[in-house]
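Take a look at the letters that make up each chain.
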2 protein chains.
Amino acid sequence: MSTTQENVQSASATYAASFTQGHLALPPAKHYLVLTCMDARIDPARAFGIELGDAHVIRNAGASAVDALRSVVISQQLLGTNEIILVKHTGCGMLTFKNEDAYGLVEQRLGPAATAELKEKNLDFLPFPELEAAVLQDVEFLKASKLVPESVTISGWVYEVETGKTRRVV
Amino acid sequence: MSTTQENVQSASATYAASFTQGHLALPPAKHYLVLTCMDARIDPARAFGIELGDAHVIRNAGASAVDALRSVVISQQLLGTNEIILVKHTGCGMLTFKNEDAYGLVEQRLGPAATAELKEKNLDFLPFPELEAAVLQDVEFLKASKLVPESVTISGWVYEVETGKTRRVV
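The name that an unreviewed UniProt entry assigns to chain A is Carbonic anhydrase, with the source organism given as Chaetomium fimeti. Taken directly from UniProt, the Function (unreviewed entry) text for chain A runs: "Reversible hydration of carbon dioxide." Under the Sequence similarities (unreviewed entry) heading, UniProt states for chain A: "Belongs to the beta-class carbonic anhydrase family."

A few words on the interface of chain B and chain A. Across the boundary between the two partners, chain B contributes 87 residues, which contact 87 residues of chain A. Carbon and sulfur atoms supply 62% of the area that chain B and chain A bury against each other, a total of about 7,400 Å² over both sides. Summed over the three residues of chain B that lose the most area to chain A, namely Met38, Arg70 and Gln77 of chain B, the buried surface amounts to 11% of that side. For the interface between chain B and chain A, the tally reads four salt bridges. Among the salt bridges present, the one from Asp43 of chain A reaches Arg46 of chain B, with a minimum N-O distance of 2.8 Å. The tally of links between chain B and chain A comes to 39 residue pairs in polar contact (both at pLDDT 80 or more). The class makeup of the residues in the side of chain B that touches chain A is 45 nonpolar, 25 polar and 17 charged.

Under the defined criterion, the tally for this structure stands at 16 salt bridges over all chains. Between Glu132 of chain A and Arg167 of chain A there is a salt bridge, with its nearest N and O atoms 2.7 Å apart. One end of the pair, Glu132 of chain A, is in helix H6 (residues 131–144); the other, Arg167 of chain A, is in strand E5 (residues 166–168), and 35 residues separate them in sequence. Of the residues examined, Glu132 of chain A reaches a relative accessible area of 32% and is grouped as partly exposed. As a salt-bridge pair, Arg167 of chain B and Glu160 of chain B come within 2.9 Å of each other at their nearest N and O atoms.

A word on the relation of the copies chain B and chain A. Rotating chain B by 180° about the axis while translating it 0.0 Å along that axis superimposes it on chain A, leaving an RMSD of 0.0 Å. Taken together, the rotation and translation describe the operation of a two-fold axis. Identified as the residue of chain B closest to the rotation axis by C-alpha distance is Arg59 of chain B, at 2.3 Å. When the interface residues of chain B are mapped onto chain A, 100% of them again fall at the interface, so both copies present the same face.

A few words now on the UniProt feature "binding site: Zn(2+)" (unreviewed entry) in chain A. All names here are of chain A. Mapped onto this numbering, the UniProt entry gives "binding site: Zn(2+)" (unreviewed entry) at Cys37, Asp39, His89 and Cys92. These annotated residues cover 56 residues of sequence, and their C-alpha atoms lie no more than 8.7 Å from one another, placing them together at a single site. For Cys37, the position within the fold is in strand E1 (residues 32–37). Cys37 has contacts with Ile42, Arg59, Asn60, Ala61, Gly62, Ala63, Val87, His89 and Cys92, leaving out every residue within four places of it along the chain.

All names here are of chain A. Counted by the stated rule, this structure contains six aromatic pairs over all chains. Summarising the aromatic geometry, the rings of Tyr103 and Phe125 are spaced 5.8 Å apart at their centres and angled 75° between planes, so their arrangement reads as edge-to-face. Note that Tyr103 is positioned in helix H4 (residues 99–110) and Phe125 in the loop between helix H5 (112–120) and H6, a separation of 22 residues in sequence.

Along H5 of chain A, the residues that are buried comprise Ala114, Thr115, Glu117 and Leu118 of chain A. End-on, the buried residues of H5 of chain A take up no more than an arc of 160°, which puts them together on one face. With respect to the buried face of H5 of chain A, the exposed residues turned more than 90 degrees away are Pro112, Lys119 and Glu120 of chain A. The inward-facing, buried residues of H5 of chain A contact H4 of chain A together with helix H3 (65–77) of chain B. Downstream of H5 of chain A by a residue or two, Asn122 of chain A has a phi angle that is positive, lying close to 55°.

Thresholds, definitions, all that
Residues numbered from 1 in each chain as written. Chains lettered and ligands numbered in written order. Predicted model: local features only at pLDDT ≥ 70, side-chain atom pairs only at ≥ 80, totals over all residues. Heavy atoms only, no water. UniProt positions renumbered as here; feature names shortened; annotations may be inferred. Contact = heavy atoms within 4.5 Å. Buried area = accessible area lost by both parts, 1.4 Å probe. Salt bridge = Lys/Arg side-chain N within 4 Å of Asp/Glu carboxyl O. Polar contact = N/O pair within 3.5 Å; in protein donor to acceptor, adjacent residues only side chain to side chain. Nonpolar A, V, L, I, M, F, W, Y, C, P; charged D, E, K, R; others polar. Helix = DSSP H or I, 4+ residues; strand = E, 2+ residues; numbered from the N terminus. Buried < 20%, exposed > 50% of the residue type's maximum accessible area, 1.4 Å probe, protein only. Least-squares fit on C-alpha atoms with pLDDT ≥ 70 in both. Phe/Tyr/Trp six-rings, centres within 6.5 Å; stacked < 30°, edge-to-face > 60°. Arc of directions from axis to C-beta.

Here it is, written out as structure tokens:
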């Protein structure tokens, strides 16, 4: 067993020992979803005030709305959420490269079979060059999608990894 | 401003007031990533013992490895992670429907333009009928992908929303 796997087991034993929320229902009690980045420096529950059971939390590289669309539709159509809090953040890795850089790394490190899989899956890494513009663009993408009804409230935010603050952009 | 937006602002002010971790680096300090579900009843940091800055956390509907592949490749190739903890959970919404059910709901509630967008994007909602089989299948998917090198350690787990426990499957 790896050190990380051992850590999961011991943390889980501690968590379960004082766990009292086994009664929570499947649909989010407060009917919203948070879409944010996978970045290790973000703890959405604490930073954005999400109580257990209240909201879906979708996380991917860059808090990409394009990448999250499947989950957003399931959250809304099957589990009744009607608000989206989209949060990108300062210092995001997605600001630091372009698709061709990532394709180059994959080719160099993993070889031609990996590049072939990238191309077969037509994988877009969805990096972005400017943070606030990307927040606006993703909010617009969600608003423009026919899969997100107009009744859904959408706001866009930036979390500052340097200060722990979250500020609204749109 | 919505109640949820007000809650984000007040929670953020409280969090930032005692925030002391603005020095953390972009790459995850413990070089692993957790892939789990967006489910509102999961708090990965507490349930799986993730300290701020230690690990990427990817979340989508059902903890789908297929859906997460873009983020997994970025995490590994650009930010140096080399271990995946994949955690699905009991009572998952993805166990409760089939693709055609979701397509039917979208058509009924959002109309033909939404259905056209679903088809244009060729959206697969990736539901699964059996929990542990889905954990095995997703671990196998990652192991079989040429985009995930053999040096990456991968384990599959189930979180029990009823008990707060996380148990290893593979």
